[in-house]
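# A look at the structure
Listed below, chain by chain, are the residues.
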Amino acid sequence: MKYFTLFFFFIFSATVEAQENSVSQKVTGTIINDNTLLPIPNVNVININKVKGVVTDVKGFFEMDVSVNDTLHISLLGYQSLRVRVTNDWLKSGTAKLQLTEKAIALEEVIVKKYDLTGYLEIDSKLIPEKESYRYSISGLPQGYEAGSTSPGAFTRVLGSIFNPADMLYNFFGNKSNELKKLRKMKSDDTVRHLLESKFDRETLGVLLGVDKKEIAEILTRCSYSEEFIKTANDLQIMDAISECYENYKVLSKKHEKYVKE
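Because the structure is predicted, anything quoted here is derived from the model rather than measured. (Residues numbered from 1 in each chain as written. Predicted model: local features only at pLDDT ≥ 70, side-chain atom pairs only at ≥ 80, totals over all residues. Heavy atoms only, no water.)

## Some points on the sheet that holds strand S6 (residues 82-85)
- Taken together, the 4 strands give an open sheet; going across it, the order is S3-S2-S5-S6, and neighbouring strands pair in antiparallel fashion. For this open sheet the edge positions go to strand S3 (52-55) and S6, each flanked by a neighbour on one side alone. On average, each strand axis in the sheet is tilted by 20° relative to the strand beside it, whichever way the strands run.
- Running over the sheet, helix H8 (residues 190-198) touches strand S2 (44-47), S3 and strand S5 (71-75) and is turned about 75° from S3. (Pairing = 2+ DSSP bridges. Helix = DSSP H or I, 4+ residues; strand = E, 2+ residues; numbered from the N terminus. Axes fitted to C-alpha atoms, helices over the stretch in contact; angles between N-to-C directions. Contact = heavy atoms within 4.5 Å.)

Structure follows, in structure tokens:
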């Protein structure tokens with residue numbers, strides 16, 4: 001009976017602790033420049049675990065819902081991104097002061113004139129290559145973009161990954177299912193959407209999905225997106241492309257499982 005009581009006590013304590021860790025609480029913070037110690041406005045603060053984001057005000061202040069051990073990804077153009085884990089001390093104090101470091105950016109040569117145009121429409125129309133990318137629109141974006149699912153070979157590429165356990169898509173979508181479920185949450189949070197729409201470096205998207213830039217490019221290539229799209233699309237478009245490929249994969253995978261059982 002004594003040992004049973006101790007066992008029950010440990011189980012109860014572990015349950016209570018787990019519940020406390022999962023309870024959402026509000027914390028505040030101030031983002032400052034580590035050199036000037038001045039507050040930094042318009043910094044993006046994203047809770048990777050909850051896929052929710054906020055932006056600092058003119059005083060560098062932010063407030064958001066968190067749970068202990070949540071990870072916050074803090075980023076702003078021109079500064080080195082920062083990842084901070086929410087600790088019990090932060091939750092108890094309720095506030096924290098976080099410092100960002102400015103990047104040393106070297107300007108590279110910019111090519112303004114890509115094509116040597118003559119000014120004559122009949123001639124110039126032949127000099128500029130015609131884009132063959134299939135395009136569609138997404139709510140909130142000013143222009144359409146290439147859709148991998150409608151491009152030639154996209155269906156067979158995704159289908160091939162289902163039948164081939166060694167395929168990169170098969171391994172990625174199977175091992176990253178939890179991270180990929182965040183895609184819908186990303187699209188529903190305005191702060192996250194606006195941040196991804198303004199970025200082209202794949203950094204924030206990679207952090208949220210738990211992948212690196214090379215993996216993102218390889219995934220899109222295997223989903224039949226063109227090299228041009230992979231290089232020029234913003235992070236919101238890239239996110240939507242991966243989401244579409246993943247949805248196609250899930251549908252085809254279920255059909256394959258049903259066929260195998262029958």
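## What about the pairing of S6?
- Examined bridge by bridge, S5 and S6 share 4 bridges and lie antiparallel to one another. Residue Ile-74 lies in a different strand from S6, and its bridge partner there is Leu-82.
- A loop of 6 residues connects S5 with S6, the two strands running antiparallel in sequence, and Gly-78 in this loop sits at a positive phi of about 95°.

## Concerning the state of the cysteines
- A complete count under the given rule lists 1 disulfide for this structure.
- Linked covalently through their sulfurs, Cys-223 and Cys-245 form a disulfide whose S-S length is 1.9 Å. When the S-S torsion is -75°, as for the bridge of Cys-223 with Cys-245, the disulfide is left-handed. Taken together, the residues Cys-223 in the loop between helix H10 (213-222) and helix H11 (227-232) and Cys-245 in helix H12 (residues 235-261) connect sequence positions 22 residues apart. Exposure class is identical for Cys-223 and Cys-245. Each is buried. (Disulfide = S-S within 2.5 Å. Buried < 20%, exposed > 50% of the residue type's maximum accessible area, 1.4 Å probe, protein only.)

## What to know about the confidence of the model for the protein
- Overall, the prediction assigns the protein a mean pLDDT of 79, with 70% of residues at 70 or greater.
- Between residues 6-16, whose pLDDT stays under 50, and residues either more than four places distant or in other chains, the model counts 0 contacts.
- Segment residues 135-142 is flagged for pLDDT under 50; beyond a separation of four residues in sequence, or across chains, it makes 21 contacts in the model. (pLDDT = per-residue confidence, 0-100.)

## Remarks on the environment of Glu-247
- Mapped onto the fold, Glu-247 is located in helix H12.
- In this structure the C-alpha to C-alpha distance between Glu-247 and Leu-180, which are 67 residues apart in sequence, comes to 9.9 Å.

## Considering H8
- Listed as buried for H8 are Thr-191, Val-192, Arg-193, Leu-195 and Leu-196.
- The opening residue of H8 is Asp-189, an N-cap whose side-chain oxygen sits 3.2 Å from the backbone nitrogen of Thr-191. (Polar contact = N/O pair within 3.5 Å; in protein donor to acceptor, adjacent residues only side chain to side chain.)

## Here's the deal with the pattern of salt bridges
- All told, the structure shown has 11 salt bridges when counted by the stated rule.
- Among the ionic pairs, Lys-199 bridges to Asp-201, the shortest N-O distance being 3.6 Å.
- Residue classification places Lys-199 among the buried residues on the basis of a relative accessible area of 11%.
- Connected through shared salt-bridge partners, Asp-167, Glu-218 and Arg-222 make up one network. (Salt bridge = Lys/Arg side-chain N within 4 Å of Asp/Glu carboxyl O.)

## Brief notes about the side chain of Asn-33
- If you trace the backbone, Asn-33 turns up in strand S1 (residues 25-33).
- With relative accessibility at 4%, the residue Asn-33 sits in the buried group.
- Within the structure, the side chain of Asn-33 is placed 2.7 Å from the backbone nitrogen of Asn-35, a separation counted as a polar contact.
- At 3.2 Å, the side chain of Asn-33 and the backbone nitrogen of Thr-36 are in polar contact.

## Quick look at the nonpolar core
- Grouped together as the largest cluster of nonpolar side chains are 37 residues, with contacts concentrated most on Phe-173, Leu-180, Met-186, Leu-205, Leu-209, Leu-220 and Ile-238.
- Elements represented by at least two residues in this core include exactly helix H4 (154-163), helix H5 (168-175), helix H7 (182-188), H8, helix H9 (203-209), H10, H11 and H12.
- Here this core gets 9 residues from one element, more than from any other, and that element is H12.
- If we ignore the near neighbours within four places in the chain, the residues touching Leu-220 are Tyr-225, Ile-230, Ile-238, Ala-241 and Ile-242. (Core = buried A, V, L, I, M, F, W, Y, C linked by side-chain atoms within 4.5 Å.)

## Side note on the pairing of S5
- With 4 of its 5 residues buried, S5 lies for the most part within the structure.
- Pairing between S2 and S5: 4 bridges, direction antiparallel. Opposite Val-45, over in S5, you have Ile-74 as the bridge partner.

## Here's the deal with unusual backbone geometry
- Within the chain, Asn-42 stands out as a residue other than glycine whose phi angle is a positive 60°.
- Here Asn-42 lies in the loop between S1 and S2.
- The phi angle at Ser-224 is positive, at roughly 70°, despite the residue not being glycine.
- Looking at where Ser-224 falls in the secondary structure, it is placed in the loop between H10 and H11.

## Observations concerning the sheet that holds strand S7 (residues 95-100)
- Taken in spatial order, the 3 strands line up as S4-S1-S7 in an open sheet, and their pairing is mixed. With partners counted over all chains shown, the strands left at the sheet margins are strand S4 (61-66) and S7, one partner each. Direction aside, the axes of adjacent strands within the sheet are offset by 35° on average.
- Direction of pairing for S1 relative to S4: antiparallel, over a ladder of 6 bridges. Following the sheet pairing, Gln-25 is matched in S4 by Val-66.

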